[in-house]
Amino acid sequence: MVEARFAHPVLDASALGAAPVAVRVLGDDFVLWRDDALTPRAAPDRCPHRGTRLSLGRVCGGQIECPYHGWRFDGAGRCVHIPALPGFTPPASHGLATHTLSEAHGLLWLHLQDDAARPRFDAEADAALRKLNVGPYDVAASAPRIVENFLDLAHFGFVHEGWLGDRAHAQLADYRIEPTATGFVASGCRAWQPQSNRLSSEGSWVDYRYELTSPYTAVLTKLPEKQGGYRDEIALFVCPVDEETSRVWFRMALTDHDSSDEQIRAFQHTIFTQDQPVLESQRPRRLPLGGGEVHCAADRSSAAYRRFLRDAGITFGVLP
């Protein structure tokens, strides 16, 4: 599966504590826990003994314990204890196939392959920008539908009227699409926005730049003309839970050091919950690549995204 070449966000790092947590990615179930060194671990959510969900068990001294017969597994997946046979040394065949679970951007990322690539977010290294996460949101839409919506400018005056756009300024200027190693960059994008961010007090033209950094991740840079020096860098991180459901986070990197975390999250929450019912209304929920929807010249970022998915061989969350 091509999608396994990419790491996927699965949980807020702070949400993984003393108890195991169940997550679902690409239609498969996994259990997360922390070992005795507090290192995050991941494995299929299935005991190799009788198929019980390990996430229903508990963590004992960094080992995950099956709720059915008490088999215990260490952070490397080795079965280290079978209570019914205390003198027995379990062979390797009794263990779990573990996966790397890395931490970045306040999230835990599941690597289904050792060489799975985590998407870039260059703004993370900029000390001048304040960072925080918004989400997660569980959305009844495929990951590609959500990414395509994030890349789309033409809906601002309708879905986000009075916030990120208005109907009187719905016409889009020409913008450029340039292919990259991870997808593409859309630059030269401009939008009139009544309130482009929480601190804006008047309408302004805003320069937009989008970059697709993995099949289910995109980064937006916003530069409002009337707020000299203000800059938003917003990453959309989407976990493809299954073919038609997703979990969504936004990583905010902002020059806004005056607003509280709650105020920033409330603004972004308003914007996304305007998008969410529209996304969940789309049929089919998976993104159709082979036809069934009509297009226009204003859809060039959408067309570039669909072309990228097709060329990369992405099949999860799309219709051929």
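Everything that follows concerns the structure shown earlier in this document.
By convention here, each chain's residues receive numbers from 1 onward along its written sequence. Totals for whole chains, interfaces and linings use every residue, but because this is a predicted model, local features are given only for residues with pLDDT of at least 70 and side-chain atom pairs only at 80 or more, for both listing and counting. Derived side-chain values reflect all non-hydrogen atoms in the structure, with water molecules and hydrogen atoms excluded from consideration.

Peer 1: What is the right way to read the pattern of salt bridges from this model?
Peer 2: Oppositely charged side chains can pair when the atoms bearing their charge come close. In the sections that follow, a salt bridge refers to a side-chain nitrogen of Lys or Arg positioned within 4 Å of a carboxyl oxygen of Asp or Glu. Scanning all chains against the criterion turns up 23 salt bridges. Arg231 serves as the salt-bridge partner of Asp126, at 3.2 Å between the closest nitrogen and oxygen. With Asp126 in the loop between β10 (107-111) and β11 (130-139) and Arg231 in the loop between β15 (217-224) and β16 (232-242), this residue pair connects regions lying 105 residues apart in the sequence. Each residue's exposure class comes from its accessible area (1.4 Å probe, protein chains only) as a fraction of the maximum for that residue type: buried when under 20%, exposed when over 50%, partly exposed otherwise. Judged by relative accessible area, Asp126 falls into the partly exposed class, the value being 25%. Salt bridges linked by common partners bring Arg24, Asp29, Asp45 and Arg53 together as one network. Strands here are runs of E lasting at least two residues and helices are runs of H or I lasting at least four, both read from the DSSP assignment and numbered beginning at the N terminus.

Peer 1: Looking at this structure, I do not really get the pairing of strand β12 (residues 176-179). What am I missing?
Peer 2: Regular strands place their side chains on alternate faces of the sheet. Relative to strand β13 (residues 184-193), β12 runs antiparallel, the two being bridged by four bridges. Each residue of the ladder has a partner; that of Glu178, found in β13, is Val185. Here, any two strands with at least 2 DSSP bridges between them count as paired. Turn length for the β12-β13 hairpin, with the two strands adjacent in sequence and antiparallel, is four residues, and the turn residue Gly183 shows positive phi of about 160°.

Peer 1: How do you make sense of the packing of helix α1 (residues 143-150) against helix α4 (residues 300-312) when you look at a structure like this?
Peer 2: Each packed pair of helices is defined by two parameters, the angle between the axes and the distance between the axes. Axis lines are fitted through C-alpha atoms, for helices just across the contact stretch, and the angle between N-to-C directions can take any value from 0 to 180 degrees. It is at 9 Å that the axes of α1 and α4 come closest, and there the two elements cross at 145°. Crossing of α1 against α4: the hand is right-handed. The residues of α4 that touch α1, namely those facing Pro144, Arg145, Val147 and Glu148, are Ser302, Tyr305, Arg306 and Leu309. Split into classes, the residues belonging to the contact of α1 with α4 amount to four nonpolar, one polar and three charged. Handedness of a crossing is defined here by the sense of rotation of the near helix relative to the far one, left-handed for an anticlockwise turn of less than a right angle and right-handed for a clockwise turn. Contacts between residues were defined by any pair of non-hydrogen atoms, one from each residue, lying within 4.5 Å. Residue polarity is assigned by list, with Asp, Glu, Lys and Arg as charged and Ala, Val, Leu, Ile, Met, Phe, Trp, Tyr, Cys and Pro as nonpolar; anything else, Gly included, falls into the polar class.

Peer 1: I would appreciate a short explanation of helix α3 (residues 261-281) in the present structure.
Peer 2: Note on helix geometry: an α-helix contains 3.6 residues per turn, so any two residues three or four positions apart are oriented the same way. Here α3 contains 21 residues, and its C-alpha end-to-end distance of 30 Å stays within 8% of the 30 Å for a straight helix at 1.5 Å per residue. Against β11, α1, α2 (156-159), β16 and β17 (245-254) lie the buried residues of α3. To estimate how far a helix should extend, the number of its residues minus one is multiplied by 1.5 Å.

Peer 1: Sorry, what's going on with the sheet that holds strand β2 (residues 21-25) here?
Peer 2: Backbone hydrogen bonds hold the strands of a sheet together, and the pairing may be parallel or antiparallel. One open sheet accounts for three strands, arranged β2-β3-β4; its pairing is antiparallel. Lying at the two open borders of the sheet, with one neighbouring strand each, are β2 and β4 (40-44). Neighbouring strand axes in the sheet, compared pairwise and without regard to direction, differ in orientation by 35° on average. As paired strands, strand β3 (residues 28-34) and β4 are joined by five bridges and run antiparallel to one another. Each residue of the ladder has a partner; that of Phe30, found in β4, is Pro44.

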